[in-house]
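# Commentary on secondary and tertiary structure
Letter by letter, the chains look like this.
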Amino acid sequence: MVIIPEPTNNSPRVDLGNIEFLKSAANLSHCPDDTGLEVAFCGRSNAGKSSAINYLTGQNKLARTSKTPGRTQLINFFTVSDEFRLVDLPGYGYAKVPTRMKRDWHENIDNYLRNRLSLTGLVLLMDIRHPLKAFDHTMINWSAQAQMPLHILLTKCDKLKRGAQQATLLKVKRELADQKSTTIQLFSSTHEIGQKLLLKQLSDWVNQGHRGDLVSRQDASLSEVIPSAD
Ligand code: GDP
C-alpha cells in the first residue's frame with residue numbers, strides 16, 4: 001500500500017534561540033553588511049515593539065522597553081543566524097520628540113527601507129485600541145507600493161475583551177482587504193498571545209528567501225506619503 005503523506009504546513013521554523021544583539025546604526029551607512037535576510041519591526045512609539053521583540057525571542061532584555069517613548073532613535077540589529085537578522089526600527093511619532101529628530105527619523109528610515117535589499121518583510125505594530133493612525137497608513141501604503149510583505153500585530157490585545165478584540169481584528173482586516181500581501185493578527189506580550197503565529201510568519205518569509213530589488217522600491221518613497229503630524 002502506498003501511503004500518501006498528508007499535505008503539511010510544516011516548513012522549518014526559524015529558531016530564535018541564539019538571537020543576539022549585533023549593533024545599532026544611526027543611518028544606512030552604519031548598518032551591517034546587506035547580506036542574507038532581515039525582517040524589520042516598526043510602529044508608533046509606545047505600540048509595544050520592544051516588549052514584542054522580547055516576548056517573541058524569550059529574552060527579557062533584548063530590546064529595551066521604556067516608559068519614556070521616543071527615546072531610542074537608532075536602528076537596532078539582532079543576529080538570528082548567519083543568514084537572518086531581526087531589526088528594531090526606531091519608534092515614530094511621539095509628541096515630545098523635537099522636529100529635528102523627526103526629520104532625522106524620516107530620512108534614516110526612508111533610506112533604510114528603500115535601499116536595504118536584505119529586507120524581506122515588515123512587521124507593523126499597532127496598539128489594538130488605536131489602530132490605523134496616519135503613521136500606520138504610511139507604512140501600509142509604502143509596503144504596497146514597494147511590494148513588501150507586511151504583517152500587522154494588533155498589540156496589547158489583553159486590554160480588550162475577547163469580543164472587542166475580534167471586532168477590531170475584523171474591522172482592520174476589512175479596511176485592508178485590498179492589500180494583497182498584508183496579514184494581521186492579535187498579539188499580547190504580557191499575556192503571551194500570538195507568538196506562534198508571528199514566528200510562523202517570520203519562518204515563511206525566511207523560507208521564501210526573497211531578497212529585495214531596487215526596481216520595485218524605486219517609486220516607493222516614504223517622503224511622499226509620510227504625514228507631517230500624527
Ligand atoms: P515601544 O515604545 O513600542 O517599544 O513599547 P514598549 O514595549 O516599551 O511598551 C510600551 C508600554 O506598553 C510599556 O509600559 C509596556 O509595559 C506596555 N505594553 C507592551 N506590551 C504590552 C501588552 O501586550 N499588554 C499590555 N497590557 N501592556 C503592554
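This section reports on the structure supplied with the text. Since we're looking at a predicted model, the values are computed, not measured.

Here we have seven strands laid out as an open sheet, ordered β1-β3-β4-β2-β5-β6-β7, and mixed in their pairing. Bordering the open sheet on either side are β1 (20-25) and β7 (182-186), each of which pairs with just one other strand. On average, adjacent strands in this sheet sit at an angle of 20° to one another, irrespective of strand direction. Bridge count for strand β5 (residues 119-127) against strand β6 (residues 150-155) is six bridges, and the pairing is parallel. When the bridges of β6 are listed, Val 123 appears paired with His 151.

Moving on, we get to the nonpolar core. One finds Leu 89, Tyr 112, Leu 113, Leu 122, Leu 124, Ile 152 and Leu 154 to be the most contacted residues of the largest nonpolar core, which totals 36 residues. Only β2 (37-43), β3 (75-81), α2 (99-115), β5, α3 (134-146), β6, α4 (162-175) and β7 provide two or more residues apiece to this core. Tallying contributions element by element places α3 first for this core, with five residues. The contacts of Leu 113, once residues within four sequence positions are left out, are Leu 119, Leu 122, Met 139, Trp 142, Arg 217 and Leu 222. Core analysis: the next-biggest nonpolar cluster, separate from the first, contains 25 residues, Leu 86, Leu 153, Phe 187 and Leu 199 among them.

Here we come to the site of the ligand. Around the ligand, 16 residues are found, and the nearest of them are Lys 49, Ser 50, Ser 51, Asp 158 and Ser 189. Here an oxygen atom of the ligand sits 3.2 Å away from a polar atom, N or O, in the main chain of Ala 47. In isolation the ligand offers 580 Å² of accessible surface; the protein chains occlude 82% of this area.

With that settled, the discussion passes to helix α5 (residues 195-208). For α5, spanning 14 residues, the distance from its first C-alpha to its last is 20 Å, which sits close to the expected 20 Å at 1.5 Å a residue. Within α5, burial applies to Leu 198, Leu 199, Lys 200, Gln 201, Leu 202, Ser 203, Asp 204 and Trp 205. Buried residues in α5 make contact with β2, α1 (49-57), β4 (84-88), β5, β6 and β7. Phi turns positive, to about 65°, at Gly 209, one or two residues after α5.

This part covers α2. The first and last C-alpha atoms of α2 sit 24 Å apart over 17 residues, in line with the 24 Å expected at 1.5 Å per residue. Residues Trp 105, His 106, Asn 108, Ile 109, Asp 110, Tyr 112 and Leu 113 constitute the buried set of α2.

Scanning the entire structure with this criterion turns up nine salt bridges. Across the pair Asp 88 and Lys 49 runs a salt bridge, and its minimum N-O distance is 2.4 Å. Taken together, the residues span a long stretch of sequence, with Asp 88 in strand β4 and Lys 49 in helix α1 at a distance of 39 residues. Here Lys 49 falls in the buried class, since its relative accessible area comes to 10%. Arg 114 is the salt-bridge partner of Asp 110, the closest N and O atoms lying 2.9 Å from each other. Taken together, the positions of Asp 110 and Arg 114, both in helix α2 and four residues apart, correspond to about one turn of that helix. Owing to a relative accessible area of 28%, Arg 114 belongs among the partly exposed residues under this scheme. Shared partners join several salt bridges into a network, and the residues in it are Asp 34, Glu 38, Arg 85 and Arg 116.

Rules of the game
Residues numbered from 1 in each chain as written. Predicted model: local features only at pLDDT ≥ 70, side-chain atom pairs only at ≥ 80, totals over all residues. Heavy atoms only, no water. Pairing = 2+ DSSP bridges. Helix = DSSP H or I, 4+ residues; strand = E, 2+ residues; numbered from the N terminus. Axes fitted to C-alpha atoms, helices over the stretch in contact; angles between N-to-C directions. Core = buried A, V, L, I, M, F, W, Y, C linked by side-chain atoms within 4.5 Å. Buried < 20%, exposed > 50% of the residue type's maximum accessible area, 1.4 Å probe, protein only. Contact = heavy atoms within 4.5 Å. Near = heavy atom within 4 Å. Polar contact = N/O pair within 3.5 Å; in protein donor to acceptor, adjacent residues only side chain to side chain. Areas by Shrake-Rupley, 256 points an atom, 1.4 Å probe, with all protein chains shown as cover. Expected span 1.5 Å × (residues − 1). Salt bridge = Lys/Arg side-chain N within 4 Å of Asp/Glu carboxyl O.

Any link to function would need more than the numbers given here.
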